Amino acid sequence: MSDKEKIDYDKELEKIARKTNMNVRNSEYSFENQIKKLDEDIDKIAQQKIRDFDKNKELTSKYLSIDYRQDTIDRYREKLKKI
């Protein structure tokens, strides 16, 4: 065998190990970024749900504050009869 045909197994193994380590680090970095994005999305959705809940509470309080006098009820009944 000539010198060109001889393979230095240690160097080849180091190259492969280095590439593998880089790929693992890149995968870890990518995974961490995806987790951060998911956390941000979850926080945004949670905040939106809280705002929606507050709006619903406001609508409920407005509904409960409707005037229930007899003349108001009578007007609604008349409107419903017309429909």
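Given the structure is predicted, the values throughout are model-derived calculations rather than measurements. (Residues numbered from 1 in each chain as written. Predicted model: local features only at pLDDT ≥ 70, side-chain atom pairs only at ≥ 80, totals over all residues. Heavy atoms only, no water.)

A. Seen up close, the overall build of the protein. Looking only at helices and strands, the protein features two helices and zero strands. Counting the 83 residues in the protein, one finds 1% classified as buried. Surface summary for the protein: the accessible area is close to 8600 Å², and the carbon and sulfur share equals 56%. (Helix = DSSP H or I, 4+ residues; strand = E, 2+ residues; numbered from the N terminus. Buried < 20%, exposed > 50% of the residue type's maximum accessible area, 1.4 Å probe, protein only. Areas by Shrake-Rupley, 256 points an atom, 1.4 Å probe, with all protein chains shown as cover.)

B. Structural context of the environment of threonine 20. Counting through the fold element by element, threonine 20 comes out in helix α1 (residues 9-64). For threonine 20, a relative accessible area of 41% translates into the label partly exposed. Engagement of the side chain of threonine 20 in a polar contact is seen with the backbone oxygen of isoleucine 16, the distance being 2.8 Å. (Polar contact = N/O pair within 3.5 Å; in protein donor to acceptor, adjacent residues only side chain to side chain.)

C. Examining a nonpolar patch on the surface more closely. A cluster of nonpolar side chains, Phe31, Ile35, Leu38 and Ile42, forms an exposed patch at the surface whose accessible area comes to about 400 Å². Inspection of the secondary structure assignment puts leucine 38 in helix α1. (Patch = residues over 30% accessible without salt bridge, like charges linked within 9 Å, V, L, I, M, F, W, Y side chains within 5 Å. Salt bridge = Lys/Arg side-chain N within 4 Å of Asp/Glu carboxyl O.)

D. Highlighting a negative patch on the surface. A surface patch of like charges, here negative, comprises Asp39, Glu40, Asp41 and Asp43. Within the secondary structure, aspartate 39 sits in helix α1. Given the relative accessible area of 43%, aspartate 39 is considered partly exposed. (Lys, Arg positive; Asp, Glu negative; His and termini not counted. Charge placed at Lys NZ, Arg CZ, Asp CG, Glu CD.)

E. The arrangement of the pattern of salt bridges in detail. Summed over the entire model, instances satisfying the criterion amount to two salt bridges. When the shortest N-O distance is used, the salt bridge between aspartate 74 and arginine 77 registers 3.8 Å. Of this pair, aspartate 74 and arginine 77 both sit in helix α2 (residues 70-82), three residues apart, which is roughly one turn of that helix. Taking the relative accessible area as the measure of exposure, aspartate 74 reaches 33% and is therefore partly exposed.

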